[in-house]
Amino acid sequence: MARRLIVVGAGVTGLMTAKFLVDRGFSDILVIDRKYPGSGGSFRCATGVRASFTSREHIKVMLRAVDLWPKLSKELGIKYSRDGYLWLLTRDRDVEFFREAVKFQNSLGVPTRLVTPEEVRELAPTINTSSVVAAVYDPIAGKASCFDSVTNTLTHLLARGVEVKWGVEARKIAREGGGLVVETNIGSLRAENVLVAAGDGSKRLLETLGVDLPIRNLPKHALVTEAFRPVFKPLIIDWATSSYIVQLFNGNFYIGADIPEVYDTVAKVKLEFLRKAARVWTSYFPWLREVYVLRYWTGYYDMTPDHHPVIGPVEGLEGVYVAAGFSGHGFMMAPAVGEALASYILGERPLVPEFERLSPGRFARGELIREIAVFG
């Protein structure tokens, strides 16, 4: 017997989509994951939530997510706080670029503003601002617990009859009669609808349907330190080096830094990352030299040519939906994406019209969107 919906990928996007569907009375959902819930990008992310982007599409989608995160926080018990983002600018040319970016963001309802080094020190006490020319502050940005977001949403789904199976690898999707078949390591699973939200594995799986999306996996690196007393609240970005630091809810510092990588290669730990992360952030916070690194891990940004996700129904394949290619922004926009996908699956148009610009067909039509504010 065919399920109404199979979700491939038990990350935050797949789980949030199932949540919005089941809350609207949609039943008979099966969520599968080749490893375990959250094992991909969801449990590796920096927890940040922001609408301070440079495209209308990203901003409008993320403003909806910024509205949804506090509501989901209360409903599902997800730790969330609106502590802001702080973009450190150390080059005059970057100040001029962000001056225009702030105007654009303000015009769409994002209250970012340029701040002085003195204001930076107020927002992040103990920071060394000797190299800082100016900064951009986004007061409505914040952070959410990636672990709560997965585990609490999963608990919500299980209590409402959604079946979730992990250790189930989707290897192929095919048409059979009027429905779809997902071939897995435990056999064939039939469905009326299939959502592919499998992170770095989405492209390969969609290729079995003859769908070739321009998604490439780029290795990324992150570390976390021992817990420390509260020091600063915003997630802080050093724009010139594409590096960031955030103090998590339990006091640990999560640090990411961009190093040269090759698309579609196996992510491996590299001493070069540790050197850069330490060099950048001990220059801003010299006391970090005394804080121990607990863990270092790798993951992937599933990148598209225009740094925007691929979301919605796959044209010419009724019942097939995709949510992939988030280019490092999947976690933060997950509530808005889940809501939009639920609308699509229910035969409706998404609440935020800009989602329709993120359709899989935009690449064939040459309708790419530009985004510059990608880092880490």
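The rules behind the values
Residues numbered from 1 in each chain as written. Predicted model: local features only at pLDDT ≥ 70, side-chain atom pairs only at ≥ 80, totals over all residues. Heavy atoms only, no water. Pairing = 2+ DSSP bridges. Helix = DSSP H or I, 4+ residues; strand = E, 2+ residues; numbered from the N terminus. Axes fitted to C-alpha atoms, helices over the stretch in contact; angles between N-to-C directions. Expected span 1.5 Å × (residues − 1). Buried < 20%, exposed > 50% of the residue type's maximum accessible area, 1.4 Å probe, protein only. 1 Å grid on protein atoms, 1.4 Å probe; cavity = no way out; pocket = protein on both sides within 12 Å on 5 of 7 lines; lining within 4 Å. Points joined across faces, edges and corners; volume = space filled by probe spheres on them. Core = buried A, V, L, I, M, F, W, Y, C linked by side-chain atoms within 4.5 Å. Contact = heavy atoms within 4.5 Å.

J.: Help me understand the sheet that holds strand β5 (residues 85-89) in this model?
T.: Sheet strands pair via backbone hydrogen bonds, and the direction of the pair is either parallel or antiparallel. The strand order across the open sheet formed by 8 strands is β6-β7-β5-β14-β15-β16-β13-β17, and the pairing between neighbours is mixed. Looking at which strands have only one partner, the edges of the open sheet turn out to be β6 (113-115) and β17 (293-303). Across the sheet, the mean angle from the axis of one strand to that of its neighbour is 20 degrees, orientation sign disregarded. Where β5 meets strand β7 (residues 134-138), 5 bridges bridge the pair, whose relative direction is antiparallel. Directly across from Leu88, in β7, lies its bridge partner Ala135.

J.: It is not clear to me how helix α7 (residues 271-284) should be interpreted in this structure. Could you clarify?
T.: Within an α-helix, residues lying three or four positions from one another point in the same direction, as the helix has 3.6 residues per turn. Taking 1.5 Å as the rise per residue, α7 with 14 residues should run 20 Å; its terminal C-alpha atoms sit 21 Å apart, in good agreement. All buried positions along α7 are accounted for by Phe273, Lys276, Ala277, Val280, Trp281, Thr282 and Tyr284.

J.: Would you mind showing me how to read the sheet that holds strand β3 (residues 48-49) here?
T.: Within the open sheet, the 3 strands sit side by side as β3-β8-β4. Their pairing is antiparallel. The open sheet has two free edges, formed respectively by β3 and β4 (80-81), since each of these has just one partner strand. Of the pairings in the sheet, the one linking β3 to strand β8 (residues 142-144) comprises 2 bridges and is antiparallel in character. For Gly48, the partnering residue across the bridge sits in β8 and is Lys143.

J.: How do you make sense of the layout of surface pockets when you look at a structure like this?
T.: It is the rolling of a water-molecule-sized probe over the atoms that shows where space remains empty. Considered as a void within the structure, the second largest pocket measures approximately 330 Å³ in volume. As for the second largest pocket, its lining consists of 17 residues, of which Thr47, Cys146, Phe147, Leu248 and Asn250 are closest to the centre. Of all elements in the fold, only α5 (146-159), β16 (252-257) and β17 reach the threshold of two or more residues within the lining of the second largest pocket. Sorting elements by how many residues they give to the lining of the second largest pocket places α5 first, with 3 residues.

J.: Whenever I open this one, unusual backbone geometry confuses me. Can you help?
T.: Trans is the common state for peptide bonds, and a negative phi is the common state for residues other than glycine. Positive phi is not limited to glycine here, since Thr47 has a value of about 75 degrees. Note on placement: Thr47 falls in the loop between β2 (29-33) and β3. On the basis of relative accessibility, which here comes to 6%, the residue Thr47 falls in the buried class. Even without a glycine there, the phi angle at Ser242 is positive, about 50 degrees.

J.: How should the nonpolar core be read in this particular structure?
T.: Note that soluble globular proteins tend to have their nonpolar side chains buried in a common cluster. By size, the foremost hydrophobic cluster in this structure holds 80 residues, and its most contacted members are Ile29, Val31, Met62, Trp69 and Phe355. Sort the elements by how many residues they give to this core and helix α8 (residues 330-345) lands first, with 11 residues. Not counting the four nearest positions on each side in its chain, Met62 is found in contact with Val49, Arg50, Ala51, Phe53, Met332 and Met333. Listed in part, the 27 residues of the second largest apolar core include Tyr137, Ile255, Ala277 and Trp281.

J.: Would you mind going over the side chain of His156 with me for this structure?
T.: Along the chain, His156 falls in helix α5. Residue class for His156 comes out buried when judged on its relative accessible area of 8%. Apart from residues no more than four positions distant in its own chain, His156 is found in contact with Lys19, Asp23, Glu75 and Leu76.

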